[in-house]
Amino acid sequence: IRRPPRSTPLYSSAASDVYKRQAQESSLSLQDQASLNEQLGQLLTRGVPLVEALEVCAATVKSASKGRVVRMREMVAGGSSFSEACRVVGGFDNVTVAVYRGAERTGDLGGAAKELAINARRRLAVSGKATTLMIYPMIVLSISVIVAALMMMIIVPMIAEGLRAANNIKLPFYSRMIFSLGEGMRDNATWVGVGVLVAIIGLIVGRAAVINLFRLAMRRLPMVRDVVIAQELARFFSVMAAMTRTGVTISDALAVSNQAITHPVLRRQLDRLRTRLIEGGLLRNLIEEVTSFPISTRRLLVAAERSGDMEHAFGTLAGDMTDLVDRTSSRLLAMLEPALIVVMFLIIGSLLLALLLPMLTISGGVR
């Protein structure tokens, strides 16, 4: 009699492929990840079995992500590890899966889930500030350009025709130039629309290059680069705190955490730190070479390395950097508001100036 296998998973390779295809249909949002990890952290630390905890979590996420959590529960009930279920089902980044895997080795999945929930909340706060910084100027500038275009194509030609009817008025050169441009845009409105459409299509097609150029500008502009580096550091230290909490070594945690960094200089310095750390370098000396870290951050990390409390230091720095993002973003928005007012004046005010100059000429002639 043939003995059955000791463990028969409830899902096959074909089912695994189905899970992967279903995972591509929708993504697990950062908000859902935060809710999922908060529930897992609360339930697992109170002794609730993982399968039952996932059943509860399925009711807390959005309906679009509920099916993914249900599939994770089925895989865990069938004998898979939680980290493997997250990897197969999809929707989780490599950092999250690595934290789960490390937590399973140490037996502290609940604590890791709590740390990931904190990390997700920090990332939501940071991304919210970043979105505000990007969208606010774009909205103001877009409104200014639209208003200026309407004035050029409707109001300016009407005033130009009225002024030309008065033969004794000599229009200034600037006014004649603006009037000719406005009449040209009105007479060729179709081509103007085609040009705008082509520009929009070009931005969509070349959005990768536009985004890279935008990121490069943000890394170079004063004040803005401070916000960018603070965002990167908040993300990095949040991941390091979650990784080290699960017992992962510093070098292995760096290998995963560096994937969350998009700033080229910072990532290059951290990759070099990890390489030299593996080669036998002293962490306290290598930290000093990461010049992208503020001097106070380097001193804190060196002190934490000497005392052997790196996990607490990473968590503290993650919170500090999130607060720094909030402060620098608020200051930058306060500076952007008057700057945008000046830009709006230059765009719309230049048109108003072209209209006012002939009026002043008329009033001077009447006297």
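Residues numbered from 1 in each chain as written. Predicted model: local features only at pLDDT ≥ 70, side-chain atom pairs only at ≥ 80, totals over all residues. Heavy atoms only, no water.

Chemist: Could you give me a rundown of the packing of aromatic side chains, with the residues and numbers involved?
Modeler: The description of an aromatic ring pair rests on the distance of the ring centres and on the angle between the ring planes. If you walk through the whole model with that rule in mind, you get six aromatic pairs. Considering the side-chain rings of phenylalanine 82 and tyrosine 100, the 4.7 Å spacing of their centres and the 70° angle between planes classify their relative orientation as edge-to-face. You can see phenylalanine 82 sitting in helix α5 (residues 82–89) and its partner tyrosine 100 sitting in helix α6 (residues 94–106), a full 18 residues away along the chain. Residue classification places phenylalanine 82 among the buried residues on the basis of a relative accessible area of 1%. On the accessibility criterion, tyrosine 100 (0% relative accessible area) is buried. (Phe/Tyr/Trp six-rings, centres within 6.5 Å; stacked < 30°, edge-to-face > 60°. Helix = DSSP H or I, 4+ residues; strand = E, 2+ residues; numbered from the N terminus. Buried < 20%, exposed > 50% of the residue type's maximum accessible area, 1.4 Å probe, protein only.)

Chemist: Go over the pattern of salt bridges, please, and point to the residues and values.
Modeler: Overall, the coordinates contain nine salt bridges when judged by the stated rule. Across the salt bridge formed by glutamate 289 and arginine 276, the nearest N and O atoms sit 2.7 Å from each other. Separated by 13 residues along the polypeptide, glutamate 289 in the loop between α14 (283–287) and α15 (295–307) and arginine 276 in helix α13 (residues 264–278) bring together distant segments of the chain. Overall, glutamate 289 belongs to the partly exposed group, its relative accessible area being 32%. Arginine 276 sits in the partly exposed class, given a relative accessible area of 36%. Two residues, arginine 299 and glutamate 288, come together in a salt bridge whose shortest N-O distance is 2.6 Å. With a gap of eleven residues between them, arginine 299 in helix α15 and glutamate 288 in the loop between α14 and α15 connect regions that are remote in the sequence. A single network of salt bridges, built from pairs that share partners, joins Glu161, Arg186 and Asp187. (Salt bridge = Lys/Arg side-chain N within 4 Å of Asp/Glu carboxyl O.)

Chemist: Would you mind going over the side chain of glutamate 115 in detail, with residue names and values included?
Modeler: Structurally, the position occupied by glutamate 115 is in helix α7 (residues 109–165). Assessed through its relative accessible area of 13%, glutamate 115 is described here as buried. If we ignore the near neighbours within four places in the chain, the residues touching glutamate 115 are Arg122, Ala241, Ala242 and Arg245. (Contact = heavy atoms within 4.5 Å.)

Chemist: Quick rundown of the nonpolar core? Include the residues and the values.
Modeler: Within the largest apolar cluster, 68 residues are counted, with the highest numbers of intra-cluster contacts made by Leu40, Phe82, Phe237 and Phe293. With sequence-adjacent residues up to four places away left out, phenylalanine 237 is seen in contact with Phe293, Thr297, Leu301, Phe314, Leu317, Ala318 and Met321. Residues Met151, Leu163, Leu171 and Leu351 belong to the second largest nonpolar core, which totals 14 residues. (Core = buried A, V, L, I, M, F, W, Y, C linked by side-chain atoms within 4.5 Å.)

Chemist: I'd like a description of the packing of α6 against helix α11 (residues 224–245), backed by residues and values.
Modeler: Contact pair α6 / α11: the axes reach a minimum separation of 8 Å and the direction vectors enclose 20°. When the axes of α6 and α11 are compared, the pair comes out roughly parallel. When you trace α6 past α11, the crossing you get is left-handed. On α11, the residues that touch Val95, Ala98 and Val99 of α6 are Val239, Ala242 and Met243. Residues of the contact of α6 with α11, tallied by class, amount to six nonpolar, no polar and no charged. (Axes fitted to C-alpha atoms, helices over the stretch in contact; angles between N-to-C directions. Parallel < 35°, antiparallel > 145°, perpendicular 65-115°, else oblique. Left-handed = near helix turned anticlockwise from the far one by under 90°. Nonpolar A, V, L, I, M, F, W, Y, C, P; charged D, E, K, R; others polar.)

Chemist: Now, about helix α3 (residues 50–57): what can you tell me, with residues and values included?
Modeler: When we look at burial in α3, the residues that qualify are Leu50, Ala53, Leu54 and Cys57. The buried residues of α3 all sit within an arc of 100° when viewed along its axis, so they share a single face. (Arc of directions from axis to C-beta.)

Chemist: Can you lay out α15 for me, pointing to particular residues and giving the numbers?
Modeler: For α15, with 13 residues, the first-to-last C-alpha span of 19 Å sits near the 18 Å given by 1.5 Å per residue. Thr297, Arg298, Leu301, Val302 and Ala304 are the residues of α15 that are buried. Looking straight down α15, one finds that the buried residues subtend no more than 165° of arc, so they occupy a single side. Across α15 from its buried face, at more than 90 degrees, point the exposed residues Ser296, Arg306 and Ser307. (Expected span 1.5 Å × (residues − 1).)

Chemist: Could you give me a rundown of the confidence of the model for the protein chain, with the residues and numbers involved?
Modeler: Looking at the protein chain, pLDDT values average 80 and 89% of them are 70 or higher. Within the model, the stretch residues 1–25 combines pLDDT values under 50 with 21 contacts to residues more than four positions away or in other chains. (pLDDT = per-residue confidence, 0-100.)

Chemist: Account for the side chain of glutamate 232, with residues named and values stated.
Modeler: Take glutamate 232: it is sitting in helix α11. A distance of 3.3 Å separates a polar side-chain atom of glutamate 232 from the backbone nitrogen of histidine 263. (Polar contact = N/O pair within 3.5 Å; in protein donor to acceptor, adjacent residues only side chain to side chain.)

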